[in-house]
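Geometric and topological summary
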Amino acid sequence: MRFVDEFRNADTAHALAARIAELCEPGRQYKLMEVCGGHTHTIYNHGLEDYLPEQITLVHGPGCPVCVIPMGRVDDAMALAAEPDVIMTSFGDMMRVPGSNGSFFDAKARGTDIRMVYSPLDSLKIARQNPDKRVVFMAIGFETTAPSTAMTVLRAAAEGLRNFSIFCNHVTIVPAIKAILDSPDLRLDGFIGPGHVSTVIGCRPYEFIARDYGKPVVTAGFEPLDILQSIYMLMLQLSRGESIVENQYSRVVPWDGNPVALKAIGETMELRPYFEWRGLGFISHSALKVREKYAAFDAELLFSVPGVRVADPTACQCGEVLKGVLKPWECKVFGTACTPETPIGTCMVSPEGACAAYYNYGRLTRTRVKEASRS
Amino acid sequence: MTAGRLDHPAARQPADEAAGPQSPPAEAGEASWVQQALREHDEQAREELARQQEQAGNHEQAGNHEQASPGAARHVHRGSPQPLPGTVREELVLERIDRARRSRPRVREDRITMSHGAGGKATQTLIEAIFLDAFRNPLLEPLEDAAQLHVNGSRLAMTTDSYVVSPLFFPGGDIGDLAVNGTINDLSMAGAVPVCLSAGFILEEGFPVADLSRIVASMRAAADRAGVQIVTGDTKVVERGKADGCYINTAGLGLIEGDLLLGVAQARPGDVIMVSGPIGDHGVTIMLARGELGIEADVTSDTAPLHGLVADLLAQADGVRALRDATRGGVATILNEIATAASVGILVNEDDIPVRAAVRGASELLGIDPMYVACEGRLVAVVDPAHAERALAALRGHPQGAQSAIIGHVTAEPPGIVQLKTAFGGTRIVDLLVGDPLPRIC
Amino acid sequence: MCLGIPGEVIEFLPDQPDLARVDVSGVKRVINVGLLSDELLEPGDWVLIHVGFALSKIDEDEAAAALSFLQGIGQAYEDELAALQESRIE
């Protein structure tokens, strides 16, 4: 596959790994955070940590838009789905996220009409095909996905559809990164910057990280070589005492982002004054809601949702995992009470969650891996 | 308790604000397994702390095992206490997880979900906790594709399957082909020569008779190709809205020659694992045939009878320990079944696993892993390494196995775990499927 | 959710300006290219596809530059390994 296979070459990986190791100062520990859930997934999927020296620890960040949805909002979504004549449509990732009374998946088993879609446009199609039903699209994602939702709303408006709305849970990445930087729990040395979010917002929004906090940032692609190269670029900066923003994913990410996409978001949505993030608490100006002009497509206005704030289960330590304070296996219920089958928190249920990635792919100590490859 | 439903004391919080930690009432069942996990965790933590205090006199312990740059303030580590170096602590947690995974299966949901039909973890748990638990007997216990029984000096294999594929007709075949081939294959995996099949039909009111005739014609053709007969059957009709057109149930009988004994529990470290052709064709074909995804691709179902392939293999090579056909849940599920049944590890190489370009492309687009996608005409074979070359040649010599490939081998450690060496050179685990990415595949 | 994959633009749908058919490893799908209305997309261009939309046009020059850097690293590694081998023979 073009633009994929070339970035998976094992020999180059060894070369990069050697370079990275050379750049490590003896006795110094490095903590690099990859923000994107997609990066976490690649790291575990391809066993990238095997390539890194012990001195470098990768810390998994909150860039998993499913993981950060608080239970109260999941309950709201379930309430919407339960409304008469509603067809709830959602990406696959949301289907198993637990609310106070189960997940979409469980509701589906009980008979609620919830359908998995690949694109918000599929949801629009369902609305067209079912004029007597009210179709709600569960809109989640960072700035990567918001433009697609925005374009869909614009389409719905252009077609004059009266039975389509979105339940908007789009969040923005910069406030989350800032919350991490300001958190006293964590000392990071650098960031593997979001990949696809940056195709929309560009690289400028990260400049404050390098300038004000002195941490290097490298926007990274999603193939294993992209991530290794980004780590190499970060280590190079660290070895020179630099901190700037660099774009490793330049084949896809334009430095100034995508103005058409930003315009679509701006036209249909605006920032909420504040929004609750699972594990990070309330963050101001960190999430989007539908603009008044498009109120006809705002599920929160068309229906009444409970809007109740529900605290996370006491056993759940997703918050700390999302902030990178805990590694997945350090959570008290990881792998025992909380598994992909029986998730307590979102980090385990989303395919991009750090816990799911670790449980499904990385769940071996390095010694065991070496044993197995030798036998 | 439904997976994810948190109406137990460990989770229930007042709606307005989180109260302080509540002491759980003495509720048996659901609440206790979370509490138990927490208890175990705390016990382990206490033990380590005690050990640490013992050794406190001997050398300095870092309360914080992650050493930030010198001079950095020690942060309060809010997870479990970390007195031991990182790797050893992780080892303990992983052992605890292993124990949890090996514990007695229980179905936690109170309603059947689509996951129970996906062929992965939920299906396995359902089978063990509900069916095996109720019906338990030595013939059922091996849970192989077919049961092996002795009747008056002959060894028979018996199998049953139900087919609920949607859509009924797809590129490469239809539900009728699946029904006959699938059952023949289950018998073949036991090393049995298929003798006869039964076919039970559940038809929906309003189902076109022409479609039924088409399906039945496919079954006749498939049976003829395999040299078997459909000797008994049944028909039921249910009201409009049920049965989605047509469901088929089959049972099959076969004869096992000599003292051949195949079974996944026989896998041993060093054994070679091979697959008889490119994986994932059927599942992807079905997904695309549903037409909901708007994807066009040149893929067809690989549904085919494998009895001829198996006969050639067994005739030409010794040392075949086990055969499995990779249906629901895909090759990954088979590998996990082998690892669990024989308490061995498995290591496969991503580079060696044959996947058609179109299947790979569609899977990337959909975000699914071909390892978990159903096939309907592929087998996985576990073979003694001394005979692996002959076995591979035997498979490749047959049209059904032309693209057979060795994909990996059995290891001693770590038991019960399937690992994949990525094309990239790193390693990751291939666990049992959770959830149901591709419903109603077969 | 971050899932974005590269695909090649095959053709635009005649009656729907925002829609194009793309090819991903032999698999074809119709996607919305409205977010790239500023670019002059042509058949043969490569785009990044995410939930049914094209998010970005893949810059082939940048891709080539990235690859040549990576290959260079690989080559330099080979050279170094060779040098290491040679230096042992003394």
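A quick note: this is a predicted structure, and the numbers were derived from the prediction, not measured.

The next subject is the overall build of chain C. Assigned secondary structure in chain C consists of 1 helix and 5 strands. Going residue by residue from the N terminus, the α and β elements of chain C occur as β-β-β-β-β-α. Put simply, 28% of the contacts in chain C that link residues at least 6 apart link residues at least 24 apart.

A count of helices and strands for chain B gives 10 helices and 15 strands. Partitioning the contacts of chain B with sequence separation of at least 6, the portion at a separation of at least 24 is 80%.

On to the sheet that holds strand β3 (residues 86-90) of chain A, then. Residue and element names in this part refer to chain A. Reading across from one edge, β4-β3-β5-β6 is the order of the 4 strands in this open sheet, with parallel pairing throughout. Each having just a single partner strand, β4 (114-116) and β6 (164-170) make up the two edges of the open sheet. Ignoring strand direction, the axes of neighbouring strands in this sheet form an average angle of 25°. Strand contacts of helix α5 (residues 120-129): β3, β4, β5 (134-141) and β6, with the helix running at about 175° to β5, the strand carrying the most contacts. Across the sheet, helix α6 (residues 146-159) lies against β5 and β6, angled at about 160° from β6, the strand it touches most.

Time to look at unusual backbone geometry. Residue and element names in this part refer to chain B. Here the amide bond leading from Ser-166 into Pro-167 is cis, since omega sits at 5°, within 30 degrees of zero. With respect to the helices, strands and loops of the structure, Pro-167 is situated in the loop between β2 (154-163) and β3 (169-170). For the bond from Glu-413 to Pro-414, the omega torsion is -15°, close enough to zero to count as cis. Note on placement: Pro-414 falls in the loop between β13 (405-411) and β14 (418-421).

On to the interface of chain A and chain C. One frequently used descriptor of interface size is the decrease in accessible area upon assembly of the parts. Listed per partner, the contact involves 44 residues of chain A and 29 residues of chain C. Going through the elements one at a time, α1 (10-22), α2 (37-45), α5, α6, α8 (196-201), α10 (224-240) and α11 (259-268) of chain A are the ones with two or more residues in the side of chain A that touches chain C. Counting residues per element, the side of chain A that touches chain C draws most heavily on α1(A), which supplies 7 residues. A breakdown of the residues in the side of chain A that touches chain C according to their chemical character gives 22 nonpolar, 15 polar and 7 charged.

Turning next to the confidence of the model for chain C. All names here are of chain C. Averaged over all residues, the pLDDT of chain C is 84; the fraction at 70 or higher stands at 88%. Summarising per-element confidence for chain C, the mean pLDDT is lowest in helix α1 (residues 60-88) (75) and highest in strand β5 (residues 53-57) (95). The ipTM value of the predicted complex is 0.88, and its pTM value is 0.79.

Here we come to the sheet that holds β14(B). All names here are of chain B. Spatially, β10-β12-β8-β13-β11-β14-β15 is the arrangement adopted by the 7 strands of the open sheet, whose pairing is mixed. Taken across any chain shown, the strands that pair with only one partner, and hence form the sheet edges, are β10 (320-325) and β15 (427-429). Mean inter-strand twist for the sheet, computed between neighbouring axes without regard to direction, equals 25°. Of the strand pairs in this sheet, strand β11 (residues 345-349) and β14 are connected by 4 bridges, and their pairing is parallel. Of the residues in β14, the one forming a bridge with Ile-346 is Val-418. The strands touched by helix α4 (residues 175-189) within the sheet are β10 and β12 (379-383), with β10 carrying the most contacts at an inclination of about 165°.

What follows covers the packing of α4(B) against helix α5 (residues 209-226) of chain B. Residues and elements named next belong to chain B. For the pair α4 and α5, the least separation of the axes is 7 Å and the interaxial angle reads 30°. Compared by their axis directions, α4 and α5 come out roughly parallel. The two elements α4 and α5 cross, and the hand of that crossing is right-handed. Only Ile-215, Val-216, Ser-218, Met-219, Ala-222, Ala-223 and Ala-226 of α5 make contact with α4, whose side of the interface consists of Ile-175, Gly-176, Asp-177, Ala-179, Val-180, Asn-181 and Ile-184. Taken together, the residues of the contact of α4 with α5 break down into 10 nonpolar, 3 polar and 1 charged.

Moving on to the nonpolar core. Grouped together as the largest cluster of nonpolar side chains are 249 residues, with contacts concentrated most on Ala362(B) and Ala391(B). For this core, the leading source of residues is α10(A), giving 9 residues. Both domain 3 (142-256) and domain 4 (264-429) of chain B contribute no fewer than three residues apiece to this core. Ala391(B) has contacts with Met274(B), Leu313(B), Ala317(B), Val320(B), Ala381(B) and Val383(B), leaving out every residue within four places of it along the chain.

We now examine the pairing of strand β4 (residues 46-50) of chain C. Residue and element names in this part refer to chain C. By the criterion of burial, β4 is predominantly enclosed, with 5 of the 5 residues buried. The two faces of β4 match: Trp-46, Leu-48 and His-50 on one face and Val-47 and Ile-49 on the other face are all buried. In this structure, strand β1 (residues 5-12) lies alongside β4, joined through 4 bridges in antiparallel fashion. Of the residues in β4, the one forming a bridge with Glu-8 is Trp-46. With 4 bridges connecting them, β4 and β5 associate as antiparallel partners.

Residues and elements named next belong to chain B. Burial along β14 is two-sided: the face carrying Val-418 and Leu-420 and the face carrying Gln-419 and Lys-421 are both buried. Here 3 bridges tie β14 to β15, and the two strands are oriented antiparallel to one another. Residue Lys-421 lies in a different strand from β15, and its bridge partner there is Thr-427. In sequence, β14 turns back onto β15 through a hairpin of 5 residues, with Gly-425 there showing a positive phi of about 105°.

This brings us to the packing of α2(A) against helix α15 (residues 354-362) of chain A. Residue and element names in this part refer to chain A. Where α2 contacts α15, the two axes come as close as 9 Å, and the packing angle between them is 15°. Here α2 is positioned roughly parallel relative to α15, judged by the angle of their axes. With respect to the hand of their crossing, α2 and α15 are arranged in right-handed fashion. Residue-level contacts link Thr-40, His-41, Tyr-44 and Asn-45 of α2 to Ala-354, Ala-357, Tyr-358, Tyr-361 and Gly-362 of α15. Across the contact of α2 with α15, the residue classes tally to 5 nonpolar, 4 polar and no charged.

All right, on to helix α7 (residues 173-182) of chain A then. All names here are of chain A. Turning to α7, its buried residues number three or more, namely Ile-173, Ala-176, Ile-177 and Ile-180. Each buried residue of α7 sits inside an arc of 100° when the element is viewed along its axis, so together they form one side. Tucked inside the fold, the buried residues of α7 contact β1 (30-36), β2 (56-63), α8, α9 (207-213), β11 (274-277) and α13 (318-323).

Side chains of residues three or four places apart in an α-helix project in the same direction, reflecting 3.6 residues per turn. Residue and element names in this part refer to chain A. Counted at 1.5 Å a residue, the expected span for α10 with its 17 residues is 24 Å, and the 25 Å between its end C-alpha atoms agrees. Across the 17 residues of α10, 14 count as buried, placing the element largely inside the fold. Two residues or fewer after α10 comes Gly-241, characterised by a positive phi angle close to 70°.

Calculation criteria
- Just so you know, the residues in each chain are numbered from 1, in the order the chain's sequence is written.
- Each chain is given a letter, starting from A, and each ligand a number, starting from 1, according to the order in which they appear as written.
- Confidence filtering applies because this is a predicted model: local features only for residues at pLDDT of at least 70, side-chain atom pairs given and counted only at 80 or more, and all residues used for totals across whole chains, interfaces and linings.
- Helix and strand definitions follow DSSP, with helices as H or I runs of at least four residues and strands as E runs of at least two, each counted in order from the N terminus.
- What counts as a contact is two residues whose backbone-derived C-beta atoms lie within 7 Å of each other.
- Paired strands, as defined in this entry, are two strands with at least two bridges between them according to DSSP.
- Axis lines are fitted through C-alpha atoms, for helices just across the contact stretch, and the angle between N-to-C directions can take any value from 0 to 180 degrees.
- Classification used: nonpolar for Ala, Val, Leu, Ile, Met, Phe, Trp, Tyr, Cys and Pro, charged for Asp, Glu, Lys and Arg, polar for all others including Gly.
- Looking at any residue, its pLDDT shows the predictor's confidence there, from 0 to 100.
- Each angle gets one of four labels, with under 35 degrees taken as roughly parallel, over 145 as roughly antiparallel, 65 to 115 as roughly perpendicular, and the rest as oblique.
- By definition, any crossing whose near helix is turned counterclockwise from its far helix by less than a right angle is left-handed, and any crossing with a clockwise turn is right-handed.
- By our criterion, buried Ala, Val, Leu, Ile, Met, Phe, Trp, Tyr and Cys residues that link up through C-beta atoms within 7 Å make up a nonpolar core.
- Each residue is classified by how many other C-beta atoms fall within 10 Å of its C-beta atom, where C-beta atoms are placed from the backbone; a count of 20 or more means buried, 12 or fewer means exposed, and values in between mean partly exposed.
- For each domain, the first and last residues come from an automatic or database assignment.
- By construction, the arc corresponds to the directions joining the helix axis to the C-beta atoms.
- An expected span of 1.5 Å times one less than the residue number is assigned to each helix.

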